[in-house]
Amino acid sequence: MTPVLETGRLVLRQLTMDDLDDLAALYRDPEVRRWFPEGVLTREETRAELAWVIDVYYRTYGYGLWAAVLKETSAFVGRCGLLPWEIGGRTEVEVAYLLDPAHWGRGLATEAARAIVAHAFATLPVDRLICLLDPGNVASRAVAVKVGMTLLWDDYVDEHGLSHVYAIERPRSVDRSQV
Ligand SMILES: CC(C)(COP(=O)(O)OP(=O)(O)OC[C@H]1O[C@@H](n2cnc3c(N)ncnc32)[C@H](O)[C@@H]1OP(=O)(O)O)[C@@H](O)C(=O)NCCC(=O)NCCS
């Protein structure tokens, strides 16, 4: 599978159905899913999400969640990427990250998120990128802030409840008209 992005330590590549076992192992872990409104997912629910990412996101948008693989060992360490949301009549693109707890605290999410932000501004005609997070998810907020995001809304409420929305604007140096 061709990589979408590379960082110092990671390859981000498109997910395939062969990633189901690895992804399901993460999605059934309550610690990993602590801040997700749906909580843990079963293998079947994970299969459905994976199929949705592959069949809908990749085909319709050309982006979605990607597998994060360690270059050194080829280990699957999580999934990161871009997700579209309709908010207030506007399509917002979210930078998403979820990693195996065995690899937390090594700067990998920050490394992945930085590369994803640069890739998104270089390839998509978006003026900003966002991160939607539960106000209690300090790790996720720390990653968002480290990649240059600031609080946009502290009062965003959807069917899942209150979220904080962090955002980063397109840098002037990366001209949207050239995307
Ligand atoms: C959020 C997540 C991806 C962060 O991954 P990570 O690779 O450990 O993050 P990093 O190592 O890049 O850390 C980035 C910053 O967050 C801080 N951080 C990480 N975990 C933290 C925690 N539990 N509490 C406080 N700060 C934390 C780090 O200290 C670091 O800041 P520093 O460099 O100033 O010390 C990981 O915790 C995760 O997968 N969580 C479960 C899934 C999830 O909630 N995803 C986000 C949904 S919005």
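Anyway, here's the lowdown on the structure attached to this text. Source: prediction; values computed, not measured. (Residues numbered from 1 in each chain as written. Predicted model: local features only at pLDDT ≥ 70, side-chain atom pairs only at ≥ 80, totals over all residues. Heavy atoms only, no water.)

A closer look at the overall build of the chain
Part 1 of the reasoning: Helix and strand counts for the chain stand at 4 helices and 8 strands.
Part 2 of the reasoning: When its helices and strands are written in sequence order, the chain yields β-β-α-α-β-β-β-α-β-α-β-β.
Part 3 of the reasoning: A globule of 179 residues ought to have a C-alpha radius of gyration of about 16 Å, and the chain, at 16 Å, matches this closely.
Part 4 of the reasoning: Considered along the principal axes of its C-alpha atoms, the chain spans approximately 40 × 35 × 30 Å.
Part 5 of the reasoning: Pairs at least 24 residues apart make up 56% of the contacts formed inside the chain by residues separated by at least 6 positions.
Part 6 of the reasoning: Summed over all atoms, the accessible surface of the chain reaches about 9300 Å², with 51% contributed by carbon and sulfur.
Part 7 of the reasoning: Across the chain, the 19 positively charged side chains and the 26 negatively charged ones have centroids separated by 5 Å. (Helix = DSSP H or I, 4+ residues; strand = E, 2+ residues; numbered from the N terminus. Rg over C-alpha atoms; globule rule 2.2 N^0.38 Å. Contact = heavy atoms within 4.5 Å. Areas by Shrake-Rupley, 256 points an atom, 1.4 Å probe, with all protein chains shown as cover. Lys, Arg positive; Asp, Glu negative; His and termini not counted. Charge placed at Lys NZ, Arg CZ, Asp CG, Glu CD.)

Things to note about the pairing of strand β6 (residues 128–133)
For a regular strand, side-chain orientation follows a simple rule: the groups alternate between the two sheet faces.
Part 1 of the reasoning: Most of β6 is tucked away, with 6 of its 6 residues classed as buried.
Part 2 of the reasoning: Both faces of β6 are covered, namely the face carrying R128, I130 and L132 and the face carrying L129, C131 and L133.
Part 3 of the reasoning: Taken together, strand β5 (residues 90–99), helix α3 (residues 108–123) and β6 form a β-α-β motif whose crossover is right-handed.
Part 4 of the reasoning: Bridging between β6 and strand β8 (residues 161–169) involves 6 bridges; their strand directions are antiparallel. Each bridged residue has a counterpart across the sheet, and for L133 the counterpart in β8 is H164. (Buried < 20%, exposed > 50% of the residue type's maximum accessible area, 1.4 Å probe, protein only. Right-handed = clockwise from strand over helix to strand, strands pointing away. Pairing = 2+ DSSP bridges.)

Notes on the pairing of strand β2 (residues 10–14)
Part 1 of the reasoning: Where burial is concerned, most of β2 is hidden: 4 out of the 5 residues are buried.
Part 2 of the reasoning: Counting the residues that bridge the hairpin from strand β1 (residues 3–6) to β2 gives 3 residues.
Part 3 of the reasoning: Two strands pair when backbone bridges link them, and β2 and strand β3 (residues 65–70) are joined in this way by 5 bridges, in the antiparallel orientation. What sits directly across from R13, in β3, is A67.

A few points about the nonpolar core
Part 1 of the reasoning: The biggest cluster of nonpolar side chains holds 52 residues, and the ones touching the most others in it are L82, V95, L129 and M149.
Part 2 of the reasoning: Looking at this core, the element that brings in the most residues is α3, giving 9 residues.
Part 3 of the reasoning: Residue contacts for L82: discarding those within four places in its chain leaves Y63, G64, L65, W66, V93, E94, V95, I116, A120, L124 and L129.
Part 4 of the reasoning: The next biggest cluster of nonpolar side chains, apart from the first, holds 6 residues, and it includes I87, L132, Y156 and V165. (Core = buried A, V, L, I, M, F, W, Y, C linked by side-chain atoms within 4.5 Å.)

Some details on the packing of aromatic side chains
Centre distance and the angle of the planes are the two values used to describe a pair of aromatic rings.
Part 1 of the reasoning: Taken as a whole and assessed by the stated rule, the structure comprises 4 aromatic pairs.
Part 2 of the reasoning: Relative to Y61, the ring of Y57 has its centre 6.0 Å away and its plane inclined at 65 degrees; by these criteria the two rings are edge-to-face. Residue Y57 and its partner Y61 are both found in helix α2 (residues 43–61); the two are separated by 4 residues, about one turn of the helix.
Part 3 of the reasoning: According to the relative accessible area criterion, Y57 is buried, its value standing at 16%. (Phe/Tyr/Trp six-rings, centres within 6.5 Å; stacked < 30°, edge-to-face > 60°.)

A look at the site of the ligand
Part 1 of the reasoning: Residues in close proximity to the ligand total 20 residues, the closest being L99, G105, G107, T110 and K146.
Part 2 of the reasoning: Between the ligand and the protein, one listed contact pairs an oxygen atom with a side-chain N or O atom of K146 at 2.6 Å.
Part 3 of the reasoning: Surface burial for the ligand is 69%, taken as the share of its 930 Å² of free accessible area covered by protein chains.
Part 4 of the reasoning: Looking at the shell around the ligand, the elements with two or more residues in it are β5, α3 and α4 (138–146). (Near = heavy atom within 4 Å. Polar contact = N/O pair within 3.5 Å; in protein donor to acceptor, adjacent residues only side chain to side chain.)

Overview of the pattern of salt bridges
It is possible for side chains of opposite charge to pair when their charged atoms get near one another.
Part 1 of the reasoning: Enumeration according to the criterion identifies 9 salt bridges in this entry.
Part 2 of the reasoning: In this structure, the salt-bridge partner of R47 is E44, at a minimum N-O distance of 3.3 Å. Here R47 pairs with E44, and both are found in helix α2, just 3 residues apart, close to one helical turn.
Part 3 of the reasoning: R176 is the partner of D127 in a salt bridge, and the nearest nitrogen-oxygen pair spans 3.0 Å. Highlighted residues: D127 in the loop between α3 and β6 and R176 in the segment after β8, separated in sequence by 49 residues.
Part 4 of the reasoning: D127 sits in the partly exposed class, given a relative accessible area of 37%.
Part 5 of the reasoning: Among the charged side chains, a network of salt bridges with common partners joins R90, E92 and R128. (Salt bridge = Lys/Arg side-chain N within 4 Å of Asp/Glu carboxyl O.)

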